[in-house]
Amino acid sequence: MERPIRILSIDGGGLRGVVPLTILKKIEELTGQPIWKSFDLIAGTSTGGLIASALTIPKTPGVKESKYSIDDILKVYLERGKEIFPPATTKMGELFVTVDETMRPKFGEKGIAKVFTDVCGKAKINDSITNIMISTYDLTNNKPLFFKSRTPHDVANKDFLVYDACRATSAGPTYLPAYNLVYPSGNDNPNRQCIDGGVYVNNSSMAAVTEITKFHEEYGINLDGQEVNMKNVFVLSLGTGSYTGPFEDALNKGQIFWATRIADVMMRGVNRVTDYQMTELLDDGNYIRLSIDIKDKKYADMSLADKETSNYLIDQTNMQVINDPTNMHNLKAFLAKAGLLKSVVA
């Protein structure tokens, strides 16, 4: 029997990354091992890309030991989120938006550059202690771009700094500036301007399945020339929460209205389409999607760095996922079927 092929996919969603981190902490408790040991490939977009990268940065290059625990990563979100997304206030302490601000990103590059530099250091994609795949969108060549840890093994000039991949995947339109990098590949212009991969693949599950099933041998999965049997593919997809209330009345709305809302609409749409595709593609029990419903609109913005919002998101994750009997039963069944638990715990 072929060994299981295990994939973890983590959505984008800014500081709502505390949602998948809370779930991952529970999974480590259930499996008794760090997340990077449980999966053959960890794929992520935007904040999911940052989490995937941080989970797999080695403590020492060449040593299979992670630099950061989940608690370490969660601490970055809770304590340093306000550096990336500082609240803009007037002298009276009220939020404001000027005409000039509608022409540029809501937040500058200084904060995110400092936080990502501190977290990523000089680590490179090839250093990752398990395989990762990070998505971004290349505006220069008008095409998707994936940073993959398998690629630098053969192409040295694609062994990028983890910082570059994280900065590129997290450049959310309207939120943060695009990111320039040099990435040579074929006939493409190597001077690329990149934005958040969430504009097309916020949930990376399908992209990750395509990647590892096609290039399984390069991932160390030797099937003696045979194709991957999809019955042996297991995918855990983690969301960052989604506001479940009705969308605002969009009738006859213009550019300013949509500029501040279209990203969230796209994320919701692509997440649902990917979830449908994965459910149809894989056998029952081989795919599980865990996320939360954000029922209160005031906690839905992905750039909110206040303690009240993070507490709400973590509390809702515990209520809707960790302490929900159905979700926990399904998660344990998934982990057991994927060979990560000996048996289903009631």
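The notes below deal with the structure included here. (Residues numbered from 1 in each chain as written. Predicted model: local features only at pLDDT ≥ 70, side-chain atom pairs only at ≥ 80, totals over all residues. Heavy atoms only, no water.)

Focus: the overall build of the protein chain
Short version of the rule: Runs of H or I in DSSP of at least four residues are treated as helices and runs of E of at least two as strands, each being numbered from the N terminus. Only protein chains enter the area calculation, which uses a 1.4 Å probe; residues under 20% of their type maximum are buried, those over 50% are exposed, and those in between are partly exposed. Note on contacts: a residue pair is in contact if any heavy atoms of the two residues lie within 4.5 Å. Using a 1.4 Å probe, the Shrake-Rupley method yields the accessible areas, and only the shown protein chains count as cover for residues.
Per the secondary structure count, the protein chain includes 12 helices and 10 strands. Taken over 346 residues, the protein chain has a buried fraction of 50%. Intrachain contacts of the protein chain at a sequence separation of at least 6 include 74% that bridge at least 24 residues. With the model as given, the accessible surface of the protein chain reaches about 16,600 Å², and the carbon-plus-sulfur share is 53%.

Some words on the side chain of Thr47
Tracing the sequence through the fold places Thr47 in helix 3 (residues 47–56). The class for Thr47 is buried, based on a relative accessible area of 6%.

Some remarks on the packing of helix 4 (residues 70–84) against helix 5 (residues 109–120)
Inclusion rule: Fitted lines through C-alpha atoms serve as axes, helices being fitted only where they are in contact, and the angles separating the N-to-C directions of these axes extend from 0 to 180 degrees. As a working rule, the residues Ala, Val, Leu, Ile, Met, Phe, Trp, Tyr, Cys and Pro are called nonpolar, Asp, Glu, Lys and Arg charged, and the rest polar, with Gly in that last group.
Where helix 4 meets helix 5, the closest approach of the two axes is 7 Å, and the angle between their N-to-C directions is 145 degrees. Between helix 4 and helix 5, the contacting residues are Val76, Arg80, Glu83 and Ile84 on the first element and Gly111, Ile112, Lys114, Val115, Phe116, Asp118 and Val119 on the second. For the contact of helix 4 with helix 5, the residue count by class is 6 nonpolar, 1 polar and 4 charged.

Some remarks on the state of the cysteines
The condition that has to hold: Cysteine sulfur atoms that come within 2.5 Å of each other are treated as a disulfide pair.
Evaluated as defined, the whole model comprises 0 disulfides. Counting only cysteine sulfurs, Cys120 is the nearest neighbor of Cys166, a cysteine outside any disulfide, at a range of 4.0 Å.

What to know about helix 4
As a reminder of what qualifies: Given a helix with a known number of residues, its expected span is that number minus one, times 1.5 Å. Bend at a residue means the angle formed by two fitted axes: the first through the 7 residues ending at that position, the second through the 7 residues beginning there.
The first and last C-alpha atoms of helix 4 sit 20 Å apart over 15 residues, in line with the 21 Å expected at 1.5 Å per residue. The sharpest bend along helix 4 comes to roughly 45 degrees, located at Leu78. For helix 4, every residue scored as buried is listed here: Ile70, Ile73, Leu74, Tyr77, Arg80, Gly81 and Ile84.

Topic: the environment of Asp306
This is how the line gets drawn: Think of a polar contact as two N or O atoms within 3.5 Å of one another; within protein, one of them needs to be a possible hydrogen donor and the other a possible acceptor, and neighboring residues in sequence only count if both atoms come from side chains.
Within the fold, Asp306 resides in the loop between strand 10 (293–294) and helix 11 (307–322). The class for Asp306 is partly exposed, based on a relative accessible area of 33%. Separated by 225 residues in sequence, Asp306 and Gly81 place their C-alpha atoms 8.4 Å apart. Among the polar contacts made by the side chain of Asp306, one reaches the main-chain amide nitrogen of Glu308 at a distance of 3.3 Å. A distance of 2.9 Å separates a polar side-chain atom of Asp306 from the backbone nitrogen of Thr309.

Regarding the nonpolar core
Heads up, the condition is: Here, the term nonpolar core denotes a set of buried Ala, Val, Leu, Ile, Met, Phe, Trp, Tyr and Cys residues that are joined through side-chain atoms within 4.5 Å.
One finds Leu8, Leu24, Ile35, Phe147, Leu236 and Leu331 to be the most contacted residues of the largest nonpolar core, which totals 76 residues. The biggest single contributor to this core is helix 1 (residues 18–31), with 7 residues. Among the nonpolar cores identified, the runner-up in size contains 19 residues, and Ala43, Met133, Met278 and Leu282 belong to it.

Some remarks on the packing of helix 1 against helix 12 (residues 325–337)
What describes two packed helices is the angle between their axes and the distance between those same axes. Note the cut-off: Oblique is the label for any angle not covered by the other classes, which are roughly parallel (under 35 degrees), roughly antiparallel (over 145) and roughly perpendicular (65 to 115). Left-handed describes a crossing whose near helix is turned anticlockwise from the far helix by less than a right angle; the clockwise case is right-handed.
Two numbers describe how helix 1 lies on helix 12: the axes approach to 11 Å, and their chain directions differ by 55 degrees. In terms of orientation, helix 1 and helix 12 fall into the oblique class. In this structure, helix 1 meets helix 12 at a crossing whose hand is right-handed. Across from Lys26, Ile27, Leu30 and Thr31 in helix 1, the residues of helix 12 making contact are Met328, Leu331, Lys332 and Leu335.

A short note on the pattern of salt bridges
A side chain of one charge can pair with a side chain of the opposite charge when the charged atoms of the two come close. Rules: Here a salt bridge means any side-chain nitrogen of Lys or Arg lying within 4 Å of a carboxyl oxygen belonging to Asp or Glu.
By the definition in use, this model includes 17 salt bridges. Of the charged contacts in the structure, one is a salt bridge between Glu109 and Arg167, with a shortest N-O distance of 3.3 Å. Of the two residues, Glu109 sits in helix 5 while Arg167 sits in helix 6 (residues 162–169), which places them 58 residues apart along the sequence. The partly exposed category is assigned to Glu109, whose relative accessible area is 34%. As a salt-bridge pair, Glu308 and Lys298 come within 3.4 Å of each other at their nearest N and O atoms. Note that Glu308 is positioned in helix 11 and Lys298 in the loop between strand 10 and helix 11, a separation of 10 residues in sequence. Since its relative accessible area comes to 43%, Glu308 is described here as partly exposed.

Things to note about the pairing of strand 6 (residues 191–196)
The following threshold applies: Strand pairing is defined by DSSP finding a minimum of two bridges between the two strands.
Here strand 3 (residues 131–138) pairs with strand 6 via 3 bridges, running antiparallel. Each residue of the ladder has a partner; that of Tyr137, found in strand 6, is Ile195.

Comments concerning the packing of aromatic side chains
Applicable threshold: Whether two aromatic rings pair depends on their centres lying within 6.5 Å, for rings of Phe, Tyr and Trp, where Trp uses its six-membered ring; planes under 30 degrees apart make the pair stacked, over 60 edge-to-face, and the rest tilted. Any Lys NZ or Arg CZ that is within 6 Å of a ring centre and within 35 degrees of that ring's normal is treated as a charge sitting over the ring.
Applying the stated criterion across every chain yields a total of 10 aromatic pairs. An angle of 90 degrees between the planes, with centres 5.9 Å apart, marks the rings of Phe147 and Tyr183 as edge-to-face. Of the two residues, Phe147 is situated in strand 4 (residues 143–148) and Tyr183 in the loop between strand 5 (179–182) and strand 6; the sequence distance between them amounts to 36 residues. Relative accessible area serves as the criterion here: at 2%, Phe147 is assigned to the buried category. By way of ring pairs, the aromatic residues Phe85, Phe107 and Tyr175 are connected into one cluster. It is Arg150 that lies over the ring of Phe215; its NZ or CZ is 3.6 Å from the centre.

What to know about the side chain of Thr22
Residue placement: Thr22 occurs in helix 1. Side-chain polar atoms of Thr22 contact the backbone oxygen of Val18, separated by 2.7 Å. If sequence neighbours within four positions are ignored, Thr22 has contacts with Ile314, Thr317, Asn318 and Ile322.

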